[in-house]
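# A structural walkthrough
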Amino acid sequence: MIELEDIYFSYPAADPVLEGINVRVDKGEYLGIMGGNGSGKTTLARLMTGLLLPGKGTLRVNGISTSDRSRLLEIHKHTGMVFQNPDAQAIGETVEEDLVFGLENLGLPVPEIDARIEKYLDLLGMRELRHRNIRTLSGGQKQLVNLAAVMVMEPECIILDEPVSMVDARCRKIILQHIARLNHEGTSIVHITHDPEELIWCHRLIVLSRCGITNQGTPHEVFGQLLDEKKMDVPVPYAISRKLGLPLALTTEALLEELCRSRSGN
Amino acid sequence: MSIEIRQLTHIYDAGTSRETIALDRIDLTISKGTVFGLVGGIGSGKSTLASLMAGLGTPAQGSITIDGEPPYPGRNVGILFQQPEDFFFEKTLFEDMASGLLHLGLTEEEVHKRIHSTLDLLGLDHQILDRSPFHLNRGTLRLAAFATVLTMRPGYLILDEPTASLDPKSRKRLVEVIKRISGDIAIIYISHRLQEVVAISEYLAVLEQGKVAFTGTVPGYLDWATGQDAWEYLPVLNQVMYGLQRMGFDVDLNVACLEDALEQIRLSLERT
């Protein structure tokens, strides 16, 4: 789906952000990306959608090079991106107008547009926001709108840059379950975050630093490495289960089950 | 010495088909010298309350006073917005940090002194002052935005999701600074990171659909959340302890850190 080969990138008058990065996102894969501030995560996301061009190396989306600017529209039909800053991507005055904008540009008939908007407003639990002025929404509500605006387009791949950093725990859980369901139905996902609890559903996880990719593997493998290296946070249930020598658990529910089993074993 | 909020109501797009009651008869008192956590679901009114406390809007009904005076941004109250990076506009960070202070009528010498002492407080490298804010990474820029607000020396400081999009290292640094300065001023700490809010705050309020659902101390908050079986209001660590209590494990709900939780779970497993 997305292939990055030996990618280098620098902003003007600044040190290199990415040096010799190789990443591949397969069709239907859910890739998580973690890393400190300034490690190049957002730059990587912008490169993947063709918003930035690499200084060196090749980057292809569905076989199309992002350097081929004549085919940028094709790339954007395949991929959608949810930006880190919730104010960075709203176009419409109201939530409905914002969701309609992209669908109209796809040239979809009105009944199809209506059906998709109904579907995603329901799925993300934001029906009551439909006619709200985006200006009056909170940061978390704007993040929901941005997610919905990308999801209604039903792209083959969704790139999420800190998509739920301002969303409360209950709402975050619903959104993450929905992202996992979309992936299960075939959408490729690239999910960038500082919060390891958000990445428990991903297939593969990479950790980025100024030195390049430092860790790579399944969430279980990478969280284990990070816990040993004491480098970054890992999900609390994972840390507890591993330190107690229990089967590894990524959710509170799974951990409680393991502890219950452990007690019965005693 | 406190912020007094009385019967505060705020409505967006009043009188139109989009009318939304954002805050509904809020009563709160926030005393100086404390960290006051403000939590709630998305759209519960936290950011609206923050901007009204910062004097950035006029409530439809009710009142807010700070030490008996109306809120006056930059004078008796400061706010760090959700995306403070958006508010940088000068060529260098120094020019950005100095602009508000010069507007207050401070001398250049005093401006220099305040900026450098605040950078020291936050452990920031003074060389960043000569750099463009647009070339700083997000973590450094967020700390620089925090420093900019601190140079104004507000007696009451509102932090709206200050650690969103920050890595654990930058988060830890910011939280340490907040703890260090909180004895002298009041900090209103708004965040979805419940673990952080519970760890840093002495008092907490929960907003639900524009109303105060709870206000009190942190232990009182944990009791309130478990009393309602409201798992979503518990930090993950406390969720685990609450779940264990419900399964009959002899553990405390109020644990300070992962090590405390592990110790209690081990002991409880040994006893069974």
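Each remark here, short or long, concerns the structure printed above.
The paragraphs below set out a description of the structure included in this document. None of the values given here were measured: they were computed from a predicted structure.

## Looking at the overall build of chain B
- Counting its regular elements, chain B contains nine helices and nine strands.
- Computed over its C-alpha atoms, the radius of gyration of chain B comes to 20 Å, within 12% of the 19 Å expected for a compact globule of 272 residues.
- Referenced to the eigenvectors of the C-alpha coordinate spread, the extents of chain B come out at roughly 70 × 50 × 35 Å.
- Among the 272 residues that make up chain B, the fraction classed as buried is 56%.
- Looking at chain B alone, contacts between residues at least 24 apart form 61% of all its contacts between residues at least 6 apart.
- Placing the 24 positive and 35 negative side-chain charges of chain B at their respective mean positions leaves the two points 2 Å apart.

## Topic: the interface of chain A and chain B
- On the side of chain B, 42 residues touch chain A, which itself brings 48 residues to the contact.
- Summing both partners gives a buried area of about 3,800 Å² for chain A against chain B, and 62% of it is carried by carbon and sulfur.
- Of all residues in chain A, N37, M166 and R263 of chain A bury the most surface against chain B, accounting for 17% of the area lost on that side.
- At the boundary of chain A and chain B, one finds one salt bridge.
- Note that R171 of chain B and D233 of chain A form a salt bridge whose closest N and O atoms lie 3.0 Å from each other.
- A total of seven residues in the side of chain A that touches chain B trace back to one element, the largest contributor, which is helix α9 (residues 252–265) of chain A.

## Side note on the sheet that holds strand β8 (residues 188–192) of chain A
All names here are of chain A.
- Strand order across the open sheet formed by six strands is β6-β7-β8-β3-β9-β10, with mixed pairing between neighbours. The open sheet has two free edges, formed respectively by β6 (79–82) and β10 (212–217), since each of these has just one partner strand. Shown here is a sheet whose adjacent strand axes are inclined to one another by a mean of 15°, direction ignored.
- One ladder, built from five bridges, connects strand β7 (residues 157–161) with β8; its direction is parallel. Each residue of the ladder has a partner; that of L160, found in β8, is H191.
- Running over the sheet, helix α1 (residues 41–48) touches β3 (30–35), β6, β7, β8 and β9 (204–209) and is turned about 145° from β3.
- Of the strands in this sheet, β6 and β7 are in contact with helix α5 (residues 139–151), which crosses β6 at around 180°.

## Some words on the packing of aromatic side chains
- All chains considered together, the criterion is met by eight aromatic pairs over all chains.
- Put simply, the rings of F214, Y221, W224 and Y233 of chain B touch in pairs and so form one group of aromatic residues.
- Above the face of the Y8 of chain A ring, K56 of chain A is positioned so that its terminal group lies 4.5 Å from the ring centre.
- Above the plane of the ring of Y72 of chain B lies R75 of chain B, whose end atom (NZ or CZ) is 5.4 Å from the centre.

What counts and how
Residues numbered from 1 in each chain as written. Chains lettered and ligands numbered in written order. Predicted model: local features only at pLDDT ≥ 70, side-chain atom pairs only at ≥ 80, totals over all residues. Heavy atoms only, no water. Helix = DSSP H or I, 4+ residues; strand = E, 2+ residues; numbered from the N terminus. Rg over C-alpha atoms; globule rule 2.2 N^0.38 Å. Buried < 20%, exposed > 50% of the residue type's maximum accessible area, 1.4 Å probe, protein only. Contact = heavy atoms within 4.5 Å. Lys, Arg positive; Asp, Glu negative; His and termini not counted. Charge placed at Lys NZ, Arg CZ, Asp CG, Glu CD. Buried area = accessible area lost by both parts, 1.4 Å probe. Salt bridge = Lys/Arg side-chain N within 4 Å of Asp/Glu carboxyl O. Pairing = 2+ DSSP bridges. Axes fitted to C-alpha atoms, helices over the stretch in contact; angles between N-to-C directions. Phe/Tyr/Trp six-rings, centres within 6.5 Å; stacked < 30°, edge-to-face > 60°. Lys NZ or Arg CZ within 6 Å of the ring centre and 35° of its normal.

Function-wise, these values are silent; they only describe arrangement.
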